[in-house]
Structure formats: structure tokens, C-alpha cells
Amino acid sequence: QVQLVESGGGLVQAGGSLRLSCAASGRTFSSYAMGWFRQAPGKEREFVAAISWSASSTAYRNSVKGRFTISRDNAKNTVYLQMNSLKPEDTAVYYCARSNRFGSSPGGYGHWGQGTQVTVSA
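An account of the accompanying structure is given in this report.

Rules used throughout
- Residues numbered from 1 in each chain as written.
- Predicted model: local features only at pLDDT ≥ 70, side-chain atom pairs only at ≥ 80, totals over all residues.
- Heavy atoms only, no water.
- Disulfide = S-S within 2.5 Å.
- Helix = DSSP H or I, 4+ residues; strand = E, 2+ residues; numbered from the N terminus.
- Buried < 20%, exposed > 50% of the residue type's maximum accessible area, 1.4 Å probe, protein only.
- Core = buried A, V, L, I, M, F, W, Y, C linked by side-chain atoms within 4.5 Å.
- 1 Å grid on protein atoms, 1.4 Å probe; cavity = no way out; pocket = protein on both sides within 12 Å on 5 of 7 lines; lining within 4 Å.
- Points joined across faces, edges and corners; volume = space filled by probe spheres on them.
- Nonpolar A, V, L, I, M, F, W, Y, C, P; charged D, E, K, R; others polar.
- Pairing = 2+ DSSP bridges.
- Axes fitted to C-alpha atoms, helices over the stretch in contact; angles between N-to-C directions.

Applying the stated criterion across every chain, the model contains one disulfide. Paired through a disulfide, C22 and C96 show a sulfur-sulfur distance of 1.9 Å. On the sign convention where negative is left-handed, the bridge of C22 and C96, at about 50 degrees about the S-S bond, is right-handed. In this pair, C22 sits in strand 3 (residues 18–26) while C96 sits in strand 9 (residues 92–99), placing the two residues 74 residues apart along the sequence. Here C22 falls in the buried class, since its relative accessible area comes to 1%. Classification of C96 as buried rests on a relative accessible area of 0%.

This is the structure:
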């Protein structure tokens, strides 16, 4: 059983940066992929980024390519999302999630964190 806890969210001005962290607690017995998703109030949850167990594969939604970077440190059971050049449209609650396989579909992720709020002011 693994619990995921996000941190690092906050209020930042447009053009600024934040680094989100997702720490896994408990035991992880097999390899897994990790993903980041976001959701604004009243809107659908959307894919942001994903990374495979070995970090040999990464994926990003088009609107964050070149600005966001997903990484992981398996020894620390932590995945990161470095967000640069933030825009007001990035404002949302950001969630990390774990999947048995690398992918971008929310339905493929079985475990989710509580989320952390990211607010980007104009």
C-alpha cells in the first residue's frame, strides 16, 4: 500500500516557477509509472505529464512542453514537476498519481494524492 502526498504549490506571478513534489509512503513492491494531472474548479481533470519507472520515457501535454519537466528519484520514492514560465491558465489543483504502466489516461492510474493548489496571477 502506498500513499501519495503532493507539496510545493502556492501563489506565483506569471513567468515565475514552482517545483511540485510527490512523496510516496509505505511499501512499493514493483515498478510503476507516475503522472501529474490538474483540475480547475468546474472543469475536467486533464493530463499534464508522465514518466516511466526508469525515466526512459516521458510525456507532456502540448501546452506545457518546453516549460514543465517531470523527473523522479526512485531511491527517495519521490516524483517532481518543475514548472517554469508559468501562465495564468496553469492555475489548478495539481495531482500526482501512480500507474502500473506508462500512460496519459487518468483511468490508468489507480492511486492518487490529495492535490496541491497552484495559482498563477497575471
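We now examine unusual backbone geometry. A positive phi angle, close to 65 degrees, is found at A55, a residue other than glycine. When you line up the elements, A55 lands in the loop between strand 5 (46–51) and strand 6 (58–60). Owing to a relative accessible area of 39%, A55 belongs among the partly exposed residues under this scheme. Positive phi, normally seen in glycine, also occurs at S85, with a value near 50 degrees. Its place among the elements puts S85 in the loop between strand 8 (78–83) and strand 9.

One finds W36, L81, M83 and Y94 to be the most contacted residues of the largest nonpolar core, which totals 26 residues. Elements supplying a minimum of two residues to this core: strand 1 (2–7), strand 3, strand 4 (33–39), strand 5, strand 7 (68–73), strand 8, strand 9 and strand 11 (116–121). Looking at which element gives the most residues to this core, the answer is strand 3, with four residues. One finds F37, A50, A97 and Y109 within the second-largest nonpolar core, a separate group that totals five residues.

A few words now on empty space enclosed by the protein. By rolling a water-sized probe across the atoms, one finds the places where empty space is left. On inspection of all chains with the given rule, the structure shows one cavity of 30 Å³ or more. Its boundaries defined by the atoms lining it, the largest cavity holds a volume of some 70 Å³. Secondary-structure elements contributing two or more residues to the lining of the largest cavity are strand 1, strand 3, strand 7 and strand 8. Residues of the lining of the largest cavity, tallied by class, amount to seven nonpolar, three polar and three charged.

To continue, consider the sheet that holds strand 1. Taken in spatial order, the four strands of this open sheet run 1-3-8-7, and their pairing is antiparallel. Whereas interior strands pair on both sides, the edge strands pair on one side only; in this sheet they are strand 1 and strand 7. Going from strand to strand, the sheet's axes swing by 15 degrees on average, the running direction of each strand aside.

These figures come from the coordinates and say nothing about function on their own.
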